[in-house]
Amino acid sequence: VLLRNSLIQMYARCGSVSDARKVFDDQALQNNIYSWAIMISIYARAGDLDEAQALFDRIPLRSAVACNTMLAKYAQIGDLERAMAIAREIEAPNLVSLNLVLSIYARSGRCEAAERLFFAMPYWTLASWTALITAFAYTGQMLKLQHFFANMPQHDIVAWNALLDAHAQNANLESAAGIFWRMPQRNLVSWTTMLAAYAQAGNILGAKALFEKMPERDSVAWNAMVGVYSRCGNLENSKRVFDEMPEQNNVSFNAMLLGYTQAGHLESASVLFERFQYAADVFSWTTMLAAFAANGYISEAKRIFDKMPHHSIVSWNSILTGYSQNGHLEHAMEGFHVMPRRNLVSWNILLSAYSLAGNVPLVRRFFEQMPEKS
RNA sequence: CACCGCGCUACCCG
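Remember, predicted model here, so these are calculated numbers, not experimental data.

Chemist: What should I look at first to understand the packing of helix α13 (residues 188-200) against helix α15 (residues 219-231) in this one?
Modeler: For any two helices packed against each other, the geometry is given by the interaxial angle and the distance between the axes. The geometry of α13 relative to α15 is characterised by a closest axis approach of 10 Å and an angle of 5° between their N-to-C directions. For the element pair α13 / α15, the angle class is roughly parallel. Touching Thr192, Leu195 and Ala199 of α13 are Val220, Ala221, Ala224, Met225, Val228 and Arg231, all from α15. Split into classes, the residues belonging to the contact of α13 with α15 amount to seven nonpolar, one polar and one charged.

Following this line, the structure appears as structure tokens:
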């Protein structure tokens, strides 16, 4: 079985998932829990979530590792509901399972839950600490974050990067730069995080200077640079960077699409979008939706919204914004109640819808109902 | 022999 499992992995590493599967299917009764976990992980890595799920559904014994693999994959694509559903069903969660749940809490801004889980864990790895720190970063609790960072047993580069990102996201460019230049080592992630810090602060020249200083660049870095120009509507530079990058992917395409919409070229954006619709993801759809909504084309926005294959909370928020800014308070309210879940942005949008409608008592009452206030 | 933590693109305010 050992040999068999190594063979499965070897085929996968050489890029042949189907050969790996052949070994797995041949005398299938010989497969042990490792074989199943390995095969599921291969499909998950290859992005074939359906096949991974199909195997997971007929696994003879649901090991924690197999569950973790599915859980991690769903968390990675942002389906936190399904990830949590799997987490709840793990019979004997291991430390990795707990770390995964911790990072789900972090990514949904559930700090109290994260902290409670952290202290209930039998022991901690660096991943546990970093996941918790990320939770505090998400909600801007910098003091707590500093405290936990200071108390972790070691600071590896991932922990430093998480600290750097926390400062970047909380719009503190000076302190981010301070951390960046005094951290013990920097890798590609550190550089891109710092680039995002400049972008977040709207410091385009700083972003450009840092980008040129980078010792190496991957597509994440290039895409970030396209995004910097796109967000401020500098279409020429977006295009230039996009053409210069060694290879473009979906994210590059979405960043470029944003360049067109932000420059006010809705027609060109539509043409581009139609031509590459087969490759469009929820980001591309929402970019178009938000562009129409922001420019007062509310029925076109609604058409996009109805047509898109999957609605994220951001796409819901975008259509709410369209209604709110075009005087359709009723529609905004309806959407707000119908959407599967709401975040702080959703509440802010509705709050401003009430303000625009000039209904002061309602604004006041709604404000008081808000679960959190920034 | 399998699983986990940090960076890029879309929504409000900044």
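Structure shown, so let's carry the discussion forward.
Chemist: Where do I start with the protein's contact with RNA strand B in this structure?
Modeler: Around RNA strand B lies a shell of 53 residues, among which Tyr34, Asn68, Asn99, Asn161 and Arg231 are the nearest. Put simply, 41% of the atoms of RNA strand B that lie within 4 Å of the protein are in sugar or phosphate. A distance of 2.4 Å separates a base oxygen of RNA strand B from a polar atom in the side chain of Asn68. Thr286 places a polar main-chain atom, nitrogen or oxygen, 3.4 Å from a sugar or linking oxygen of RNA strand B. Looking at the surface near RNA strand B, its residues break down into 26 nonpolar, 22 polar and five charged.

Chemist: Help me understand the environment of Ala106, please; the structure alone is not making it clear to me.
Modeler: For Ala106, the position within the fold is in helix α7 (residues 95-107). Given the relative accessible area of 2%, Ala106 is considered buried. Taking C-alpha positions, Ala106 is 6.0 Å from Thr134, a pair spaced 28 residues apart along the chain. Discounting residues that sit within four places of it in the chain, Ala106 has contacts with Ala131, Thr134, Ala135 and Tyr138.

Chemist: Looking at this model, I keep getting lost on the side chain of Ser128. Mind explaining?
Modeler: Inspection of the secondary structure assignment puts Ser128 in helix α9 (residues 126-138). You can call Ser128 buried: its relative accessible area is 0%.

Chemist: What is the right way to read the packing of aromatic side chains from this model?
Modeler: Think of a pair of aromatic rings as described by two things: how far the centres are apart, and how the planes are tilted against each other in angle. For the coordinates displayed, the defined rule picks out 24 aromatic pairs. Aromatic pair Trp181 and Trp191: ring centres 6.1 Å apart, planes at 90°, arrangement edge-to-face. In this pair, Trp181 sits in helix α12 (residues 173-182) while Trp191 sits in helix α13, placing the two residues 10 residues apart along the sequence. Classification of Trp181 as partly exposed rests on a relative accessible area of 45%. You can call Trp191 buried: its relative accessible area is 9%. A ring pair is formed by Phe253 and Phe276, whose centres lie 5.4 Å apart and whose planes are at 70°; its orientation type is edge-to-face. Separated by 23 residues along the polypeptide, Phe253 in helix α17 (residues 250-262) and Phe276 in the loop between α18 (266-275) and α19 (282-294) bring together distant segments of the chain. With a relative accessible area of 12%, Phe253 lands in the buried category. Judged by its relative accessible area of 27%, Phe276 falls in the partly exposed class. Every member of this aromatic cluster is reached through a ring pair, and the members are Phe118, Phe119, Trp124, Trp129, Phe136 and Phe148.

Reading the values: the criteria
- Residues numbered from 1 in each chain as written.
- Chains lettered and ligands numbered in written order.
- Predicted model: local features only at pLDDT ≥ 70, side-chain atom pairs only at ≥ 80, totals over all residues.
- Heavy atoms only, no water.
- Axes fitted to C-alpha atoms, helices over the stretch in contact; angles between N-to-C directions.
- Helix = DSSP H or I, 4+ residues; strand = E, 2+ residues; numbered from the N terminus.
- Parallel < 35°, antiparallel > 145°, perpendicular 65-115°, else oblique.
- Contact = heavy atoms within 4.5 Å.
- Nonpolar A, V, L, I, M, F, W, Y, C, P; charged D, E, K, R; others polar.
- Near = heavy atom within 4 Å.
- Polar contact = N/O pair within 3.5 Å; in protein donor to acceptor, adjacent residues only side chain to side chain.
- Buried < 20%, exposed > 50% of the residue type's maximum accessible area, 1.4 Å probe, protein only.
- Phe/Tyr/Trp six-rings, centres within 6.5 Å; stacked < 30°, edge-to-face > 60°.

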